[in-house]
Amino acid sequence: MIELRTPAEIEAMRPAGRFVAETLAALREETKVGTNLLAIDRRAHDLIRRAGAESCYIDYHPSFGASPFGKVICTSVNDAVLHGLPHDYALRDGDLVTLDFAVSVDGWVADSAVSFVVGTPRDEDLALIDTTQRALDAAIAAAAVGGRIGDISHAIAEVARADGYDINTDFGGHGVGRTMHGDPHVPNDGKPGRGYPLRAGLVVALEPWFLQTTDELVTDPDGWTLRSADGSRGAHAEHTVAITDEGPLVLTDRSFLSVD
Ligand code: MG
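Please read all numbers here as calculations on a predicted model, not as lab measurements.

Student: What exactly am I supposed to notice about the sheet that holds strand S8 (residues 203-206) here?
Tutor: Within a sheet, adjacent strands bond to each other through the backbone by hydrogen bonds, running parallel or antiparallel. On the basis of which strands lie adjacent, the open sheet formed by five strands has the order S7-S6-S8-S13-S14 and antiparallel pairing. Each end of this open sheet is capped by a strand with a single partner; those strands are strand S7 (182-186) and strand S14 (247-250). When the angles between neighbouring strand axes are averaged without regard to direction, this sheet yields 30 degrees. Where strand S13 (residues 239-244) lies against S14, four bridges are found, and the strand directions are antiparallel. Across the sheet, residue Ala242 finds its bridge partner in S14, namely Leu249. Each of S7 and S8 touches helix H4 (residues 149-162); the most contacted strand, S7, lies at about 45 degrees to it.

Here's what the structure looks like:
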């Protein structure tokens, strides 16, 4: 079921969005060569506790998960792109890291992800990250009253295809509200003018993610982490966006906090 939020409810979602933005900006700043993925999770846990927020991940146990997630942030490194389960690994020079973070504040959820390189970047990794960010920008621009979900999907796919990346439509964006995953599904490819009409009050997480040379995923033996089938690297960009009569409102915007 698709729920539309009132302007007052969208206002009430701002603290969750701001906390997710601030946390990702801080974690990105603190994550360097040598940082252990478990330390990132501990730090996120600490920030959640101090803010009185609630993790959407720690008890998350969907049908595809081997057991409850047990951590508060997804850390996906190199060929891992989605649902990366933090484990005992110290980041190495040139690693491509994705942090994906969702919490509930005052009963409202916000969900956002960022990819970046620690240490010396490879050109092809920076290009992949740039494409995912531009695909997210295009998705947000298409999140306008009067459009359709397919317009957002198509906008994402056009950016990816222009840069030569294939698109996996198994995992994509989703409605966000009292819970992390709601309707509608927002695939990362689709036909313009098709799908659910975009109305004021619709709040969605938009999340393009691409792999360098494949669109196929395999599940890591940890039961959670999704890796590229061919070992190529992945990147992910995600914001929680409210569609309003005044245009898209990026609830997890962190552009005022850091330079991505
Ligand atoms: Mg997310």
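Student: Is there a simple way to think about the side chain of Thr252 in this case?
Tutor: The topology assignment puts Thr252 in the segment after S14. Here the side chain of Thr252 touches His239 through a polar contact of 2.7 Å, side chain to side chain. When neighbours within four sequence positions are excluded, Thr252 is seen to be in contact with Gly17, Val20, Ala21, Ala110, Asp111, Ser112, His239 and Thr240.

Student: Would you mind going over unusual backbone geometry with me for this structure?
Tutor: Backbone geometry follows two general trends: most residues other than glycine have a negative phi, and most peptide bonds adopt the trans configuration. A cis amide bond, omega 0 degrees, links Asp183 with the succeeding residue Pro184. When you line up the elements, Pro184 lands in strand S7. With phi around 60 degrees, Asn78 is a residue other than glycine that occupies positive phi space. With respect to the element layout, Asn78 can be found in the loop between strand S2 (74-77) and strand S3 (80-82).

Student: Help me out: how do you make sense of the pattern of salt bridges in this one?
Tutor: Pairing between side chains becomes possible if they bear opposite charge and their charged atoms approach one another. Here the structure, examined in full by the defined rule, presents eleven salt bridges. A salt bridge links Arg5 to Glu3; the nearest nitrogen and oxygen atoms lie 3.8 Å apart. Classification of Arg5 as buried rests on a relative accessible area of 11%. Notably, a salt bridge pairs Glu11 with Arg14, separated by 3.0 Å at the nearest N-O pair. One end of the pair, Glu11, and the other, Arg14, are both in helix H1 (residues 7-30), three residues apart, so they sit about a helical turn from each other. Relative accessible area serves as the criterion here: at 32%, Arg14 is assigned to the partly exposed category. Within this structure, Asp46, Arg49 and Arg50 form a network of salt bridges that share partners.

Calculation rules
Residues numbered from 1 in each chain as written. Predicted model: local features only at pLDDT ≥ 70, side-chain atom pairs only at ≥ 80, totals over all residues. Heavy atoms only, no water. Pairing = 2+ DSSP bridges. Helix = DSSP H or I, 4+ residues; strand = E, 2+ residues; numbered from the N terminus. Axes fitted to C-alpha atoms, helices over the stretch in contact; angles between N-to-C directions. Contact = heavy atoms within 4.5 Å. Polar contact = N/O pair within 3.5 Å; in protein donor to acceptor, adjacent residues only side chain to side chain. Salt bridge = Lys/Arg side-chain N within 4 Å of Asp/Glu carboxyl O. Buried < 20%, exposed > 50% of the residue type's maximum accessible area, 1.4 Å probe, protein only.

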